[in-house]
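Working through the structure, step by step
Residues per chain, in single letters:
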There are 2 protein chains.
Amino acid sequence: MNRDLRLSWTDVRDRIQARIFDRTYAPGDKLPKDDEIAEDFGCARSTVQRAMQDLSQSGIVERRRKGGTTVRADPVTRATVDIPITRREVEERGCKYDYQLIRREMEIAPKSVLARFGMKVPISLLHIEALHLADNRPYILEDRWVCTTTVPEIMNVDLAQKSANEWLVRNKPFSRCDMSFYATKASHDVAAQLDTELGDALLVIERTTWIGSEPITTVQAVTSPGYQLFTQG
Amino acid sequence: MNRDLRLSWTDVRDRIQARIFDRTYAPGDKLPKDDEIAEDFGCARSTVQRAMQDLSQSGIVERRRKGGTTVRADPVTRATVDIPITRREVEERGCKYDYQLIRREMEIAPKSVLARFGMKVPISLLHIEALHLADNRPYILEDRWVCTTTVPEIMNVDLAQKSANEWLVRNKPFSRCDMSFYATKASHDVAAQLDTELGDALLVIERTTWIGSEPITTVQAVTSPGYQLFTQG
DNA sequence: AATATTAATATGTACATACATAATAAAGTC
DNA sequence: GACTTTATTATGTATGTACATATTAATATT
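Residues numbered from 1 in each chain as written. Chains lettered and ligands numbered in written order. Predicted model: local features only at pLDDT ≥ 70, side-chain atom pairs only at ≥ 80, totals over all residues. Heavy atoms only, no water.

1. Structural notes on the interface of chain A and chain B
One frequently used descriptor of interface size is the decrease in accessible area upon assembly of the parts. The partner chain B presents 48 residues to the 48 residues of chain A that form the contact. Around 4300 Å² of area is buried between chain A and chain B when both sides are counted, 52% of it from carbon and sulfur atoms. Broken down residue by residue, the surface that chain A buries against chain B is led by Phe21(A), Thr77(A) and Phe181(A), which jointly contribute 15%. Summed over the shared surface of chain A and chain B, the result is eight salt bridges. Asp74(A) is paired through a salt bridge with Arg88(B); the nearest N and O atoms lie 2.9 Å apart. (Contact = heavy atoms within 4.5 Å. Buried area = accessible area lost by both parts, 1.4 Å probe. Salt bridge = Lys/Arg side-chain N within 4 Å of Asp/Glu carboxyl O.)

2. Structural notes on the sheet that holds strand 5 (residues 124-134) of chain B
The strand order 10(A)-7(B)-8(B)-9(B)-6(B)-5(B)-4(B) describes an open sheet built from seven strands, whose pairing is antiparallel. Every interior strand has two partners, whereas the edge strands, strand 10 (228-230) of chain A together with strand 4 (97-108) of chain B, have only one. Adjacent strand axes in the sheet meet at a mean angle of 15 degrees when their direction is disregarded. Pairing of strand 8 (residues 201-211) of chain B with strand 9 (residues 214-223) of chain B involves eight bridges; the strand directions are antiparallel. Directly across from Val204(B), in strand 9 of chain B, lies its bridge partner Val222(B). With respect to the sheet, helix 6 (residues 164-171) of chain B is in contact with strand 4, strand 5, strand 6 (137-146) and strand 9 of chain B, its orientation differing from that of strand 6 of chain B by roughly 55 degrees. (Pairing = 2+ DSSP bridges. Helix = DSSP H or I, 4+ residues; strand = E, 2+ residues; numbered from the N terminus. Axes fitted to C-alpha atoms, helices over the stretch in contact; angles between N-to-C directions.)

3. Quick word on the protein's contact with DNA strand C
Taken together, 23 residues are adjacent to DNA strand C, and Lys33(A), Arg45(A), Arg63(A), Ser8(B) and Thr47(B) come closest. For DNA strand C, the backbone portion of the atoms within 4 Å of the protein, that is sugar and phosphate, comes to 75%. Interatomic distance of 2.9 Å between a backbone N/O atom of Trp9(B) and a phosphate oxygen of DNA strand C. Among the secondary structure elements, those contributing two or more residues to the surface near DNA strand C are helix 3 (45-57), strand 1 (61-64) and strand 2 (68-71) of chain A together with helix 3 (45-57) of chain B. With three residues, helix 3 of chain B is the largest single contributor of residues to the surface near DNA strand C. Residues belonging to the surface near DNA strand C are distributed by class as follows: four nonpolar, six polar and 13 charged. (Near = heavy atom within 4 Å. Polar contact = N/O pair within 3.5 Å; in protein donor to acceptor, adjacent residues only side chain to side chain. Nonpolar A, V, L, I, M, F, W, Y, C, P; charged D, E, K, R; others polar.)

4. Concerning the pattern of salt bridges
Applying the stated criterion across every chain yields a total of 42 salt bridges over all chains. Across the pair Glu153(B) and Lys172(B) runs a salt bridge, and its minimum N-O distance is 3.6 Å. In this pair, Glu153(B) is assigned in the loop between strand 6 and helix 6 and Lys172(B) in the loop between helix 6 and strand 7 (176-185), connecting sequence segments 19 residues apart. A cluster of three or more residues bridged by salt bridges with shared partners is formed by Asp74(A), Arg87(B), Arg88(B), Glu91(B), Glu92(B), Glu166(B) and Arg170(B).

5. Observations concerning helix 3 of chain B
For helix 3 of chain B, which comprises 13 residues, the first-to-last C-alpha distance of 18 Å matches the rise-based estimate of 18 Å (1.5 Å per residue) to within 8%. Within helix 3 of chain B the residues assigned to the buried category are Thr47(B), Val48(B), Arg50(B), Ala51(B), Met52(B), Gln53(B), Asp54(B) and Leu55(B). In this structure, the buried residues of helix 3 of chain B make contact with helix 3 of chain A together with helix 1 (9-21), helix 2 (34-41), strand 1 (61-64) and strand 2 (68-71) of chain B. Positive backbone phi, at 80 degrees, marks Gly59(B), one or two positions downstream of helix 3 of chain B. (Expected span 1.5 Å × (residues − 1). Buried < 20%, exposed > 50% of the residue type's maximum accessible area, 1.4 Å probe, protein only.)

6. Quick word on the environment of Thr47(B)
Tracing the sequence through the fold places Thr47(B) in helix 3. Judged by relative accessible area, which is 17%, Thr47(B) ranks as buried.

7. Considering the sheet that holds strand 5 (residues 124-134) of chain A
Ordered in space as 4(A)-5(A)-6(A)-9(A)-8(A)-7(A)-10(B), the seven strands form an open sheet in which the pairing is antiparallel. In this open sheet, the two edge strands, each paired with only one partner strand, are strand 4 (97-108) of chain A together with strand 10 (228-230) of chain B. For this sheet, the mean inter-axis angle between neighbouring strands, taken without regard to orientation, is 15 degrees. The pairing of strand 5 of chain A with strand 6 (residues 137-146) of chain A spans nine bridges and is classified as antiparallel. Bridging across to strand 6 of chain A, Leu126(A) finds its partner in Val146(A). Strands strand 4, strand 5, strand 6 and strand 9 (214-223) of chain A of the sheet are contacted by helix 6 (residues 164-171) of chain A, whose axis makes an angle of about 55 degrees with strand 6 of chain A.

8. A closer look at the protein's contact with DNA strand D
DNA strand D sits among 23 residues. The nearest are Ser8(A), Ser46(A), Thr47(A), Arg45(B) and Arg63(B). Each atom of DNA strand D within 4 Å of the protein was assigned to sugar, phosphate or base; sugar and phosphate come to 73%. Contact between DNA strand D and Lys33(B): a phosphate oxygen at 2.7 Å from a side-chain N or O atom of the residue. Measuring from a sugar or linking oxygen of DNA strand D, one finds a side-chain N or O atom of Arg65(B) at 2.9 Å.

9. Remarks on the packing of aromatic side chains
Summed over the entire model, instances satisfying the criterion amount to five aromatic pairs over all chains. Note on Phe117(A) and Trp210(A): the rings are 6.3 Å apart at their centroids and 85 degrees apart in plane angle, and the pair reads as edge-to-face. With Phe117(A) in helix 5 (residues 111-117) and Trp210(A) in strand 8 (residues 201-211), the pair connects residues that are 93 residues apart, well separated along the chain. Trp210(A) carries the same exposure label as Phe117(A), and that label is buried. Here the guanidinium or amino end of Arg15(B) rests over the ring plane of Phe41(B), the centre of that ring lying 4.0 Å away. Taking NZ or CZ as reference, Arg176(B) lies 3.9 Å from the ring centre of Trp210(B), over its face. (Phe/Tyr/Trp six-rings, centres within 6.5 Å; stacked < 30°, edge-to-face > 60°. Lys NZ or Arg CZ within 6 Å of the ring centre and 35° of its normal.)

10. Regarding the packing of helix 1 (residues 9-21) of chain A against helix 2 (residues 34-41) of chain A
Residues and elements named next belong to chain A. As a packed pair, helix 1 and helix 2 sit with axes 12 Å apart at the nearest point and diverge in direction by 105 degrees. When the axis of helix 1 is compared with that of helix 2, the two are roughly perpendicular. Between helix 1, through Val12, Arg15, Ile16 and Arg19, and helix 2, the contact on the second element is made entirely by Ile37, Asp40 and Phe41. Counted by class, the contact of helix 1 with helix 2 contains four nonpolar, no polar and three charged residues. (Parallel < 35°, antiparallel > 145°, perpendicular 65-115°, else oblique.)

Structure below.
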């Protein structure tokens, strides 16, 4: 067989996707089984499998053993968000990065914080407030709680010099990260810290991480006014 | 070889990930090549390849032909957001879904809208304003522009009955979707539509879609107060 | 008819092999 | 030294085969 004519899995994916787009296979429809598509296209089943893997991850089709492949009836719009280290984010915008530690003390975590970890029993955690600046202007205000039983080393880190954000992400990899986004009105304190108006609408990025089942940290990153978070590709 | 002892690609991934987590391979470090890992673990290279594919997609490692595999120096926190059809989202919360068309007319798109499509020349687009309700309470206010040259069929759709959101996602698949999130203060109009206070902080989900290089639609979904957007697994 | 058991089946995985591709390193040229 | 050309090499892909696994469908059992 002429190798130049061989289909790549991206070709196969695109052709199947095209058939979904032009409604040859409409939402809810069942697709032929991989073997049939492979024979139809003149390629190996594993090539179809690779294409289907991609379509499945994109949320376009759903696959079940024995059940076959179906076009998702209720298509979802799926996107990926990347949250880099704040320093890097600022520097990639071509701004000068600065960082200020506002507060750092052990505290009994309030219920709202415990809830993010899925814990009930009150426990003392390291509470950190810090400000990230871009070109000397407040950029992100972070309100963080770190679990010192999972991450005892954090007690020896000079958080006035290096942000917990940076230290954690470089030194404490996580296996699970829950994230959420919401809007909040700038309180008196927050407005003062971010040097903005009381009542301004601010985007909050909340993240909670674990290693295995051990909680690492939870953070509310309150962004400055006008902040916009974009998805990747 | 005893098949029961064979490593699955998830095992391989987990073991490599563990070595990254315990800093055997620290950020920026180069990993052994697939062949070596395969021999080390006693599995086929393709199994390592599958594991690496996953780690690469998760943003944990970076792979380059000939260059090899490196642990990402500046780790990013990566997450996936799924935006379902609004009806489905409301119903999955166990609420009654309703929908109201507020406005629907052809209009010259303002520059801000054209910019989202990456267009310069002013053009007339279908402008739609609509309200999604959950248990009779305003849930999401959508402000949408549809490109009628790409989607002429939309002109024949009764948007008073079926939301453009739903119709488009079911009938006009897209190949590209740009998304962004930000916070906004409720204007007089928005506050009235969402039945909330003037100046409330609201999360806006902005999406723009294309099929190939043809623009389909762009929408600002202004959520009601307290709305929180979560990432997937 | 409802339930448990068994068979059938489409997708998923593991492996070996051969080749493709993109980056890098080495060698050659001016 | 600066530039171009040419190997070299690690990852990526395509294929075939053999099994594993999860689900559905069929059958037997109560």
